[in-house]
Amino acid sequence: MLYAIGLGLDVRAHISNEAKQTLKSCRVVYVLSPDSIALDLIKEISPATRLIDCSPYYDAEDARPKVYDNIANDIIKDSDNYTNTGIAVYGNPMFLVSAVEKIIDKAELNGVKTKVIPAISSFDTLLADLKLDLGYGVTMLDASLLLSSNINVETKLPLLIFQVANIGSIDVERGEIKRERLKPLEEYLKGIYPPDQKCTFVVSSKGVFDPGYIVETTISDLSSNENIDLSHRPSLYIPEIDP
């Protein structure tokens, strides 16, 4: 069995009992995380589990799709050798984790059974950070998809745009991500909303030492607001326009 295991965003606070028990059942777990916090936590939970840090995969390739292919291929090989194998990720495995999507597809094509262990995602924490209930209606889009597909946005609904730091890029990001990358999104949204339309960038906390932030701005200032730091991978919230 191949498990895709969600750890939540603040892994020490968000990890579920189901995730802990699943980690203990795995002989090997690949850990896809931007820091050592998840690795250290899993070592504490399941000392006998063999852990594989996925960071070197990103160091070895420039294109993210190739990284995901390499991780998927190795995990499937290990799934043939071990009873239970896992891939542990921040957030929810089925929310904006392209590597997990590719791994599950390849695994099932190779006859490997899969199961997803859900967790708190960036969408969940965004609702808490903004104190919003969007269960009655919201449009959620990936920033690059929005720009490339010319999607007709309904302004009567709130809009959530994810992965704005990745606009126009499939490469592994290693250096500074400049705010100018937001210019195409700014111009696109100005064709839909008034230039002074208020919007909010949100980065949820990942723990005590990573408090997150909220930056309120306007559509016309997306690429020029000096308080926006794309290295933290913010999401963008735009409220509905009242008819």
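The present account deals with the structure reproduced in this document. (Residues numbered from 1 in each chain as written. Predicted model: local features only at pLDDT ≥ 70, side-chain atom pairs only at ≥ 80, totals over all residues. Heavy atoms only, no water.)

### So, the overall build of the chain
And then number 1: From N to C terminus, the chain includes nine helices and ten strands.
And then number 2: Expected size for 243 residues packed as a compact globule is a radius of gyration near 18 Å; at 19 Å, the chain falls within 12% of this value.
And then number 3: Dimensions of the chain, computed from C-alpha atoms along their principal axes, come out at roughly 55 × 30 × 30 Å.
And then number 4: Looking at the chain as a whole, 47% of its 243 residues are labelled buried.
And then number 5: If you take every contact in the chain between residues at least 6 apart in sequence, the share linking residues at least 24 apart comes to 66%.
And then number 6: For the chain, the separation between the mean place of its 24 positive charges and that of its 35 negative charges on side chains is 5 Å. (Helix = DSSP H or I, 4+ residues; strand = E, 2+ residues; numbered from the N terminus. Rg over C-alpha atoms; globule rule 2.2 N^0.38 Å. Buried < 20%, exposed > 50% of the residue type's maximum accessible area, 1.4 Å probe, protein only. Contact = heavy atoms within 4.5 Å. Lys, Arg positive; Asp, Glu negative; His and termini not counted. Charge placed at Lys NZ, Arg CZ, Asp CG, Glu CD.)

### As for the pattern of salt bridges
Here the idea is simple: oppositely charged side chains can pair when their charged atoms come close.
And then number 1: Applying the stated criterion to the full structure yields seven salt bridges.
And then number 2: For Asp69, the salt bridge identified is with Lys106, shortest N-O distance 3.5 Å. Of this pair, Asp69 sits in helix 5 (residues 64–81) while Lys106 is found in helix 6 (residues 98–109), placing the two residues 37 residues apart along the sequence.
And then number 3: You can call Lys106 partly exposed: its relative accessible area is 24%.
And then number 4: Residues joined in a network through salt bridges with shared partners are Lys183, Glu186, Glu187 and Lys190. (Salt bridge = Lys/Arg side-chain N within 4 Å of Asp/Glu carboxyl O.)

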